[in-house]
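Okay, here's what each chain looks like letter by letter:
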Amino acid sequence: MDPKTLIAHKGGCHCKNIRWEVDAPSSVTVWKCNCTDCSMRGNIHFIVPSVRFKLIGDCEKFIATYTFGTHTAKHTFCNVYGIAVTVNCVDPGTLTHVEIKHFDGRNWDRSYDQTSIASCSKLQS
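Residues numbered from 1 in each chain as written. Predicted model: local features only at pLDDT ≥ 70, side-chain atom pairs only at ≥ 80, totals over all residues. Heavy atoms only, no water.

In the annotation of an unreviewed UniProt entry, the protein is listed under the name CENP-V/GFA domain-containing protein and assigned to Papaver nudicaule. If you open the UniProt record of the protein and go to Sequence similarities (unreviewed entry), you find "Belongs to the Gfa family." (UniProt positions renumbered as here; feature names shortened; annotations may be inferred.)

One pass over the full model with this rule turns up five salt bridges. Here Lys 10 makes a salt bridge to Glu 21, at a shortest N to O gap of 3.9 Å. Here Lys 10, found in strand β1 (residues 7-12), pairs with Glu 21, found in strand β2 (residues 19-24); they are 11 residues apart in sequence, far enough to count as distant. On the basis of relative accessibility, which here comes to 16%, the residue Glu 21 falls in the buried class. Note that Arg 110 and Asp 104 form a salt bridge whose closest N and O atoms lie 3.8 Å from each other. Using a relative accessible area of 47% as the deciding quantity, one classes Arg 110 as partly exposed. Assessed through its relative accessible area of 24%, Asp 104 is described here as partly exposed. (Salt bridge = Lys/Arg side-chain N within 4 Å of Asp/Glu carboxyl O. Helix = DSSP H or I, 4+ residues; strand = E, 2+ residues; numbered from the N terminus. Buried < 20%, exposed > 50% of the residue type's maximum accessible area, 1.4 Å probe, protein only.)

Bringing the sheet that holds β2 into the picture now. In space, the three strands of this open sheet follow the order β1-β2-β5, with antiparallel pairing throughout. Across the chains shown, the open sheet's two edge strands, defined by having one partner strand only, are β1 and β5 (53-56). The sheet shows a mean angle of 25 degrees between the axes of neighbouring strands, direction not considered. As judged from the six bridges shared by β1 and β2, these two strands associate in the antiparallel manner. Considered in β2, the bridge of Ile 7 is made with Ala 24. (Pairing = 2+ DSSP bridges. Axes fitted to C-alpha atoms, helices over the stretch in contact; angles between N-to-C directions.)

What follows covers the packing of aromatic side chains. For the coordinates displayed, the defined rule picks out four aromatic pairs. On the basis of an interplanar angle of 85 degrees and a centroid distance of 6.5 Å, the ring pair of Trp 31 and Phe 103 is categorised as edge-to-face. Here Phe 103 lies in strand β8 (residues 97-103) and Trp 31 lies in strand β3 (residues 27-33), a separation of 72 residues in the sequence. Centre to centre, the rings of Trp 108 and Tyr 112 are 4.8 Å apart; their planes meet at 10 degrees, and the pair counts as stacked. Linking Trp 108 with Tyr 112, this pair stays in helix α2 (residues 108-114), spanning four residues, or about one helical turn. Looking at Trp 108, the relative accessible area reads 23%, which means it is partly exposed. (Phe/Tyr/Trp six-rings, centres within 6.5 Å; stacked < 30°, edge-to-face > 60°.)

Before going further, it helps to examine the environment of Lys 101. In this fold, Lys 101 is placed in strand β8. You can call Lys 101 partly exposed: its relative accessible area is 30%. In this structure the C-alpha to C-alpha distance between Lys 101 and Ile 44, which are 57 residues apart in sequence, comes to 9.3 Å. The contacts of Lys 101, once residues within four sequence positions are left out, are Thr 29, Val 30, Trp 31, Lys 32 and Ser 116. (Contact = heavy atoms within 4.5 Å.)

This is the structure:
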């Protein structure tokens, strides 16, 4: 299989109120951030273009969003148990490799400018 071939990964939160599907390769790059919020929650961000992500079923009523600082980063999570949409929420069986990159969220503006994190949410041509 071509490493760039997209497959459907399904996942969700702990209480199963939120279920989602994302089209991404079986080998993905994710981001571990050291900002105070991500450090405390242990978030490892799985960033994809929004057109490749869809919610399954009637789960929007269980979603909450938290922002801080510049309000550029949006932390989306289950409003029942607080579980964020991260790579750890992908159902077993479809991921073959996960590369973890580090994002210096404590120095957000500089790290944003110096990394390729913004390109993760853009469609590649």
